[in-house]
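# Secondary and tertiary structure notes
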Amino acid sequence: MNIQVLYKPSYSVAKVNLSSGESIKAEAGALMSMSSHIQMQTSKAQQGGLFKSLKAAFLGGESFWMNTFSASQPGEVLLAPTLPGDIEKLELNGTIFIQSSSFLASKPEIDIDTKFQGLKGFFSGESLFFLKLSGNGPVLISSYGGIEVLDVEGEFIVDTGHIVAFEEGLQYEITKFGGWKSFFLGGEGLVARFKGRGRLWLQSRNVPTLGAWFRSELPPRKE
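Residues numbered from 1 in each chain as written. Predicted model: local features only at pLDDT ≥ 70, side-chain atom pairs only at ≥ 80, totals over all residues. Heavy atoms only, no water.

### Description of the overall build of the protein chain
When helices and strands are counted, the protein chain shows four helices and 15 strands. Across the 223 residues of the protein chain, 44% fall into the buried class. Partitioning the intrachain contacts of the protein chain with sequence separation of at least 6 by distance along the chain shows that 76% fall at a separation of at least 24. Of the roughly 11800 Å² of accessible surface on the protein chain, 54% is carried by carbon and sulfur atoms. (Helix = DSSP H or I, 4+ residues; strand = E, 2+ residues; numbered from the N terminus. Buried < 20%, exposed > 50% of the residue type's maximum accessible area, 1.4 Å probe, protein only. Contact = heavy atoms within 4.5 Å. Areas by Shrake-Rupley, 256 points an atom, 1.4 Å probe, with all protein chains shown as cover.)

### Some thoughts on the packing of aromatic side chains
Tallying each qualifying case throughout the model produces six aromatic pairs. With a centroid separation of 5.2 Å and an interplanar angle of 65°, the aromatic rings of Phe 166 and Phe 194 are classed as edge-to-face. One end of the pair, Phe 166, is in strand S13 (residues 163-167); the other, Phe 194, is in strand S15 (residues 190-203), and 28 residues separate them in sequence. As far as burial versus exposure is concerned, Phe 166 and Phe 194 are alike and both buried. Following the ring pairs from residue to residue traces out a cluster consisting of Phe 97, Phe 130, Phe 166, Tyr 172 and Phe 194. (Phe/Tyr/Trp six-rings, centres within 6.5 Å; stacked < 30°, edge-to-face > 60°.)

### Digging into the confidence of the model for the protein chain
Taken residue by residue, the protein chain gives an average pLDDT of 82. The fraction at 70 or more is 74%. Across residues 118-127, confidence stays below pLDDT 50; counting only partners more than four residues off in sequence or on other chains, it has 16 contacts. Considering only residues more than four positions removed or in separate chains, one finds that residues 180-187, a stretch of pLDDT under 50, has eight contacts. (pLDDT = per-residue confidence, 0-100.)

### Focus: unusual backbone geometry
Across the junction of Lys 8 and Pro 9, the peptide omega takes the value 5°, indicating a cis bond. Note that Pro 9 resides in the loop between strand S1 (2-6) and strand S2 (13-18). The phi torsion at Tyr 7 lies on the positive side, around 65°, for a residue other than glycine. With respect to the secondary-structure elements, Tyr 7 resides in the loop between S1 and S2. Residue classification places Tyr 7 among the exposed positions, given a relative accessible area of 56%.

### Points about the pattern of salt bridges
All told, the structure shown has six salt bridges when counted by the stated rule. A salt bridge links Lys 8 to Asp 86; its shortest N-O distance comes to 2.9 Å. With Lys 8 in the loop between S1 and S2 and Asp 86 in the loop between strand S7 (75-79) and strand S8 (87-99), this pair connects stretches of sequence that are 78 residues apart. Note that Arg 193 and Glu 155 form a salt bridge whose closest N and O atoms lie 2.8 Å from each other. (Salt bridge = Lys/Arg side-chain N within 4 Å of Asp/Glu carboxyl O.)

### Observations regarding the pairing of S8
In this sheet, strand S11 (residues 130-142) lies alongside S8 in antiparallel orientation, the contact comprising 13 bridges. Looking across to S11, one finds that Ile 87 is bridged to Ser 142. Bridge count for S8 against S13 is three bridges, and the pairing is antiparallel. Within the sheet, the bridge partner assigned to Ile 96 lies in S13 and is Glu 167. (Pairing = 2+ DSSP bridges.)

### Focus on the side chain of Asn 206
Summarising the element assignment, Asn 206 is placed in the loop between S15 and helix H4 (207-217). For Asn 206, the side chain forms a polar contact with the side chain of Asp 159, separated by 3.2 Å. (Polar contact = N/O pair within 3.5 Å; in protein donor to acceptor, adjacent residues only side chain to side chain.)

### Considerations on the environment of Phe 156
Structurally, Phe 156 can be placed in strand S12 (residues 147-159). Not counting residues within four places of it along the chain, the set of residues in contact with Phe 156 comprises Leu 150, Ala 192, Arg 193, Phe 194 and Leu 200.

Structure (structure tokens):
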């Protein structure tokens, strides 16, 4: 399997060249194009049964179904994320946590589970549900905007809307940014305070902020 990321760093597309007998698993709706002899099979998002799939769909924010593209002879698949931004290819060797909306594709053998973040996700006003990916092989993550990669050692603070992924060596807690005045009037909301050692992927744009901007531009509803 050979994966190229085209058009970086914005409006990126993943070009996946499959050899005979190879496959790649992608989120529903990611297909842009594929060779005519590539076979697509739709299945539950999780390995491990119906309950695990429902858990990912309703808690993790991911589609209930995923598509697996398999090559009977060499061919290519083009995959594109929903939001305009970048794509990063990771060579997974262990475990990583990915924001639910940032998963694009992976090797089929990679196990996908959901790490439920509890009420702190609801209080943040953003999706703080992370998919837990474990195994060995390529993983594609996507972002809204560009991707910044940081190697954290110690402590680091991130606005929750900018988290894309982080390695297992990092732990975090959700706290308000500054005092209550800043929390309600400063526009920053809650932040994630990471501690430990590991790699952290951030996106340069914030989806909830974009949604708030669109809502502010809509004409008032007529009663």
